[in-house]
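Residue-level structural notes
Below are the chains, spelled out letter by letter.
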Amino acid sequence: MPRNESLSLKIALPRIPDIELVALEGLDRLARHMGISDDKVGEAKIAVTEAIINALEHSGANTPMVKVEFWMTSKELVIYVRDFGKGFEPTSIEDPDIEKKIGSKHKRGWGLKLMKSLADDFQIESGSRGTKITIKKLLT
Amino acid sequence: MDQPFSLTSELRDNRLVIATSGYVNNVGGEAIATEFSKHFSGGVKEVVVNLEHSRVVNSIGMSFLIEMIEQLQDVDGRVIFTNLDPAVDKMLSIMGIFKFAGKAANVDEAFGQFDARS
């Protein structure tokens with residue numbers, strides 16, 4: 001039975017291999033406490049994984065670090081992923097296309113597309129002091 | 001926490017079945033691609049990737065599998081993904097992977113798809 005409360009979790013992640021799994025573990029525990037099934041948060045786990053990897057890899061910060069915040073009720077999950085890098089222009093990122101990737105040397109570049117597609121609401125704010133991504137998933 | 005990546009592989013009727021366990025990240029994706037390459041050079045053209053025990057994957061790991069799909073296309077081969085977690089299934093759909101690869105509920109069903117194709 002889902003609980004009638006809200007919970008939040010804030011984590012700061014340094015750039016070390018597979019550190020995104022720490023955030024996923026936190027999300028799992030929040031969901032379990034709230035009585036929300038695995039399948040409801042599965043897509044959110046992929047979206048936040050991509051957001052963290054992108055932030056740590058592309059932020060351009062001297063010492064990459066990402067702050068992740070989960071805010072969860074029984075009805076929705078909001079995820080904030082923030083880096084403190086140089087920022088980027090989101091509209092300059094071309095949507096990847098599998099037809100073009102086949103036969104091309106560059107097979108990567110799926111993160112933003114996945115985040116946008118898996119979110120019920122997606123926002124990105126980017127500037128010279130970093131990038132903040134907001135991913136909302138409905139849990140009902 | 002998801003366990004470290006590992007894989008097993010077996011050849012059945014000259015078809016390669018790779019079963020993974022744990023997080024398919026860059027290391028996991030590369031390990032799958034390396035295992036595939038060993039058998040591809042020996043003439044294997046039909047591959048099953050069983051992701052039953054990999055509930056967490058990332059797009060970097062999956063990018064290695066696009067390379068595998070590409071190589072199989074060149075020899076009229078095929079890869080079928082099986083036992084997909086619903087979120088992983090959706091991820092691969094968003095990436096368009098199923099335009100060039102198959103999916104099946106399990107390994108036996110994948111073999112049935114290969115049989116129907118030959």
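Residues numbered from 1 in each chain as written. Chains lettered and ligands numbered in written order. Predicted model: local features only at pLDDT ≥ 70, side-chain atom pairs only at ≥ 80, totals over all residues.

This part is about the overall build of chain B. On a plain count of helices and strands, chain B comes out with four helices and five strands. When the helices and strands of chain B are placed in sequence order, the string is β-β-α-β-α-β-α-β-α. The C-alpha radius of gyration computed for chain B amounts to 13 Å, which stays within 12% of the reference 13 Å derived for 118 residues, consistent with globular compactness. Restricting to contacts in chain B with at least 6 residues of sequence separation, those with at least 24 account for 63%. (Helix = DSSP H or I, 4+ residues; strand = E, 2+ residues; numbered from the N terminus. Rg over C-alpha atoms; globule rule 2.2 N^0.38 Å. Contact = placed C-beta atoms within 7 Å.)

To continue, consider the pairing of strand 5 (residues 130–138) of chain A. Residues and elements named next belong to chain A. Side chains of strand 5 alternate between two faces, with T131, I133, I135 and K137 buried and G130, K132, T134, K136 and L138 left unburied. Pairing between strand 4 (residues 121–127) and strand 5: seven bridges, direction antiparallel. By the bridge assignment for strand 5, D121 is matched with K136. (Buried ≥ 20, exposed ≤ 12 C-beta atoms within 10 Å, placed from the backbone. Pairing = 2+ DSSP bridges.)

Moving on, we come to the environment of A51 of chain A. All names here are of chain A. In this fold, A51 is placed in helix 2 (residues 38–58). Using a count of 30 C-beta atoms within 10 Å as the deciding quantity, one classes A51 as buried. Between the C-alpha atoms of A51 and G111, which are 60 residues apart in sequence, the distance is 6.9 Å. Setting aside anything within four residues of it in sequence, one finds A51 in contact with V81, M115, I133 and I135.

A separate point is the nonpolar core. The nonpolar side chains of a soluble globular protein tend to be buried, and buried together. Grouped together as the largest cluster of nonpolar side chains are 65 residues, with contacts concentrated most on A47, V48, A51, I52, V81 and M115 of chain A. Here this core gets ten residues from one element, more than from any other, and that element is helix 2 of chain A. (Core = buried A, V, L, I, M, F, W, Y, C linked by C-beta atoms within 7 Å.)

Across the contact, 23 residues belong to chain A and 23 residues belong to chain B. Looking at the side of chain A that touches chain B, the elements that each hand over two or more residues are helix 1 (20–34), helix 2, helix 3 (98–101) and helix 4 (111–118) of chain A. The dominant element in the side of chain A that touches chain B, judged by the number of residues it contributes, is helix 2 of chain A, at eight residues. Of the residues in the side of chain A that touches chain B, the class split is eight nonpolar, five polar and ten charged. (Nonpolar A, V, L, I, M, F, W, Y, C, P; charged D, E, K, R; others polar.)

Attention shifts here to the sheet that holds strand 5 of chain A. Residues and elements named next belong to chain A. Read from one edge of the open sheet, five strands run 1-2-3-5-4, paired in antiparallel fashion. Each end of this open sheet is capped by a strand with a single partner; those strands are strand 1 (7–14) and strand 4. Averaged over all pairs of adjacent strands, the angle between their axes in this sheet comes to 10 degrees, without regard to strand direction. Each of strand 1 and strand 2 (65–72) touches helix 1; the most contacted strand, strand 1, lies at about 170 degrees to it. (Axes fitted to C-alpha atoms, helices over the stretch in contact; angles between N-to-C directions.)

Turning next to helix 1 of chain A. Structurally, the α-helix is built with 3.6 residues per turn, so residues lying three or four positions apart point the same way. Residue and element names in this part refer to chain A. When the terminal C-alpha atoms of helix 1 are compared, their 21 Å separation across 15 residues agrees well with the 21 Å that a helix rising 1.5 Å per residue should span. Where helix 1 is concerned, the buried positions are E20, A23, L24, L27, A31 and M34. Relative to the axis of helix 1, the buried residues are bounded by an arc of 100 degrees and lie together on one face. With respect to the buried face of helix 1, the exposed residues turned more than 90 degrees away are R29, R32 and H33. Where helix 1 is buried, its residues touch strand 1, helix 2 and strand 2. Positive backbone phi, at 75 degrees, marks G35, one or two positions downstream of helix 1. (Expected span 1.5 Å × (residues − 1). Arc of directions from axis to C-beta.)

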